[in-house]
Structure formats: C-alpha cells, structure tokens
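Spelled out from the first residue to the last, the chains are:
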Amino acid sequence: MTQKQIERIVRERYADRVAVISGGSDYHADYKKGVEPQKARSIGECGITMEYFQQNEALQAVLRKNSWRENVMEKYLHVVKYYETDRMGVTHHSNYVRWMEEARIDFMDQLGWSYQKFEEEGLISPVINISCKFKRTTTFPDIVKIDVLVEEFRGIKLKLKYIMTNEAGTVVCEASSEHCFIGKDGKPVKINREYPEFFRLLNSLIKRSD
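Because the structure is a prediction, the values reported are computed rather than measured.

1. Overview of the packing of aromatic side chains
Point 1. Inspection of the entire model under this criterion finds 12 aromatic pairs.
Point 2. A centroid spacing of 5.1 Å and a plane angle of 65° characterise the contact between Tyr-96 and Phe-134, whose relative ring orientation is edge-to-face. Taken together, the residues span a long stretch of sequence, with Tyr-96 in helix α6 (residues 94-111) and Phe-134 in strand β4 (residues 127-134) at a distance of 38 residues.
Point 3. Residue class for Phe-134 comes out partly exposed when judged on its relative accessible area of 44%.
Point 4. Counting every residue linked through ring pairs, the aromatic cluster contains Trp-113, Tyr-115, Phe-118, Phe-153, Phe-181, Tyr-195, Phe-198 and Phe-199.

2. Some remarks on the environment of Pro-188
Point 1. Note on placement: Pro-188 falls in the loop between β7 (171-180) and α8 (191-194).
Point 2. Here Pro-188 falls in the exposed class, since its relative accessible area comes to 63%.
Point 3. Measuring from C-alpha to C-alpha, the distance between Pro-188 and Ile-156 comes to 7.4 Å, with 32 residues separating the pair along the chain.
Point 4. Setting aside residues up to four positions removed in sequence, Pro-188 forms contacts with Phe-181 and Ile-182.

3. Quick look at the sheet that holds β7
Point 1. Pairing in this open sheet of five strands is antiparallel, and the strands run β3-β5-β6-β7-β4 from one edge to the other. In this open sheet, the two edge strands, each paired with only one partner strand, are β3 (76-79) and β4. Sheet twist, expressed as the average angle between the axes of neighbouring strands with direction ignored, equals 20°.
Point 2. Across seven bridges, β4 lies against β7 in antiparallel orientation. Note on β7: the bridge partner recorded for Asn-129 is Glu-178.
Point 3. With respect to the sheet, α6 is in contact with β3, β4, β5 (143-153), β6 (157-165) and β7, its orientation differing from that of β6 by roughly 115°.
Point 4. Running over the sheet, helix α9 (residues 196-206) touches β5 and β6 and is turned about 110° from β5.

4. Notes on the packing of α6 against α9
Point 1. Two elements in contact, α6 and α9, have axes whose closest approach is 12 Å; the angle formed by their N-to-C orientations is 115°. One way to sum up the angle between α6 and α9 is to call them roughly perpendicular. Crossing of α6 against α9: the hand is right-handed. Here Phe-107, Met-108 and Leu-111 of α6 lie close against α9, whose contacting residues are Phe-198, Leu-201, Leu-202 and Leu-205.
Point 2. In the contact of α6 with α9, the residues fall into seven nonpolar, no polar and no charged.

5. Some details on the environment of Asn-129
Point 1. Relative to the helices and strands, Asn-129 is located in strand β4.
Point 2. In sequence terms Asn-129 and Ser-176 are 47 residues apart; their C-alpha atoms lie 8.2 Å from each other.
Point 3. Aside from chain neighbours lying at most four places away, what touches Asn-129 is Ser-176, Ser-177 and Glu-178.

6. With respect to the pairing of β7
Point 1. The element β7 is largely enclosed, with a buried count of eight among its 10 residues.
Point 2. For β6 and β7, the ladder comprises nine bridges, and the chain directions are antiparallel. Its bridge partner being in β7, Tyr-162 is matched across the sheet by Ala-175.

About the criteria used
Residues numbered from 1 in each chain as written. Predicted model: local features only at pLDDT ≥ 70, side-chain atom pairs only at ≥ 80, totals over all residues. Heavy atoms only, no water. Phe/Tyr/Trp six-rings, centres within 6.5 Å; stacked < 30°, edge-to-face > 60°. Helix = DSSP H or I, 4+ residues; strand = E, 2+ residues; numbered from the N terminus. Buried < 20%, exposed > 50% of the residue type's maximum accessible area, 1.4 Å probe, protein only. Contact = heavy atoms within 4.5 Å. Pairing = 2+ DSSP bridges. Axes fitted to C-alpha atoms, helices over the stretch in contact; angles between N-to-C directions. Parallel < 35°, antiparallel > 145°, perpendicular 65-115°, else oblique. Left-handed = near helix turned anticlockwise from the far one by under 90°. Nonpolar A, V, L, I, M, F, W, Y, C, P; charged D, E, K, R; others polar.

Here you go:
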C-alpha cells in the first residue's frame, strides 16, 4: 500500500472512525473508541507513514472491517478503441491480453511496486501462463473495468485473476496470468526470502480477494 492510498483512505473513507490525536508537535491517526473523531487532514498534518500503518494494528483492523480491497485498490478502466474492434464490430480477442498487462502494471503501481522498481532491484517477472474466458462482447467505445486479484502466491510463482466488467456491471471476461520472478542472472528469485515485505503484502491481498 502506498502512502498516497493510506492518506486517501483515512481522509475520505474513515474520517468517522479515525481520531487525530495530538502528541506534542506530532499528529497521528488512530482508531480509539470513545474519542470524538475529527476530519483527518493531510499526511503531513496527521503524520501517517508506511511504517506507522504497518505497526498500527488498530488502523489495519478498521480497514479489514470495511472491505479492504474495495477501498484500497482502484479498478483499472479501459475505453475500447475503434482500432481494437474487428470486421464484426466487436473487440478482437487479442486485445484482452493487452488489457490484462495494462491493469497489472496499474495494480503493481498502486501497491508501490512498479515495474520500474522491479527493474531497479534487478528483477523481471515474465508471464509463464495465461488464460481467458470470454463471457460477453465489447465494442467501441465501451468502458471496461478490470479488477485484479491475487489468487495464489507462495514466494516463487504469482497467479493473478482478472475480472472485466462493462458499464452495466456484467462480466465480459474472466482471465488469469501466472508469473515467476528471476534475477539478472536468469535464476529464480524466492520473493519470500529476498523481499519479505513484498511477499507479505501480496499474501495479505490473497485473503481478501475472494
């Protein structure tokens, strides 16, 4: 979770559950019963940091109680382009795979683990398997919402699920992709050992992706 997401959640979603408590010159957002809540302000004013969030079980409990994924992860939106349709006037099936990549990159950005960060760490995450089930057609200029879910992750292979819906909320495609992580030497990297914080983050989403 990025600091920007924490700020948004506290300020917009949980102002009625978060009290801004003065601690000398510092302010912290915390969940305390019996304390009259105040409107949470900016990160600078409230002093909410990644470290504070990770150590604050009370704040995490508030988020868990209130639909973690719905309030943390934004769905990716794609507007179907005219050139993505075929002679029949519907979206060509190959485009859904590209949309999956777009949504996956956005998903990782929201988690604070962009593909650029992967590369800076000397990591790459190739696709080792992919599948799609097409439920409904889409066409220009439909808006497709893509929800990315962590389906499985044990430290080496990551499996993601994609649920694509149209503006009416109808599922148009269900898909999945599997990825591994390898270093510059081409050897597999065990994320649970080398990057335990990233491993814990992805696993926390598995429990809430049902």
